[in-house]
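Summary of the model geometry
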Amino acid sequence: MSCKELVELVTDYLEGVLSAEDRRRFEQHIADCSWCGRYLEQMRLTINTVGRIEEDSISPAAKDSLLDAFRDWSAERQPT
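Along each chain, the written sequence defines residue order, and numbers are assigned to residues from 1. Per-residue local features of the predicted model are confined to residues with pLDDT of at least 70, and side-chain atom pairs are confined, for both listing and counting, to 80 or more; whole-chain, interface and lining totals are unaffected and use all residues. The side-chain numbers reported here are obtained from all heavy atoms of the structure, hydrogens and water having been left aside.

**Here's the deal with the overall build of the protein**
Helix numbers and strand numbers start at the N terminus; a helix is a DSSP run of H or I with at least 4 residues, a strand a run of E with at least 2. Regarding its fold elements, the protein presents four helices and zero strands. For the protein, the α and β elements follow one another from N to C terminus as α-α-α-α. Burial status across the protein gives 14% buried among its 80 residues. In this analysis, two residues are considered to be in contact whenever any of their non-hydrogen atoms come within 4.5 Å of each other. Across the protein, every contact between residues at least 6 apart in sequence was considered, and the portion connecting residues at least 24 apart equals 52%. For the protein, the accessible area works out to roughly 6400 Å², and carbon and sulfur atoms hold 54% of it. Only protein chains enter the accessibility calculation, which uses a 1.4 Å probe; a residue whose area is less than 20% of its type maximum is buried, one above 50% is exposed, and one in between is partly exposed. Accessible areas in this description were obtained via Shrake-Rupley with a 1.4 Å probe; residue shielding takes into account the shown protein chains only.

Below you can see the structure in the form of structure tokens.
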């Protein structure tokens with residue numbers, strides 16, 4: 001598995017929905033690649049932190065900015 005593949009699968013890994021074979025390949029890559037291991041830990045930390053933020057605690061401007069960023073990111077990932 002390449003680093004790019006791992007990044008694309010990290011959410012599925014954390015949600016426990018990877019196939020047994022993809023999970024094995026993912027965990028092998030993590031064992032061999034310290035950079036991706038760090039990325040995985042950063043994603044876990046981010047999810048744990050963001051998961052504790054109350055929606056009402058985010059200003060409307062910040063919420064709009066985040067939604068725009070996700071829309072832009074999603075549009076960039078669409079096949080052309």
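**Section: the confidence of the model for the protein**
Chain-level statistics for the protein give a pLDDT mean of 86 and a share of 89% at 70 or above. pLDDT runs from 0 to 100 and stands for how confident the predictor is about each residue. Across the protein, helix α2 (residues 20-32) holds the top mean pLDDT of 97, while helix α4 (residues 60-77) sits lowest at 77.

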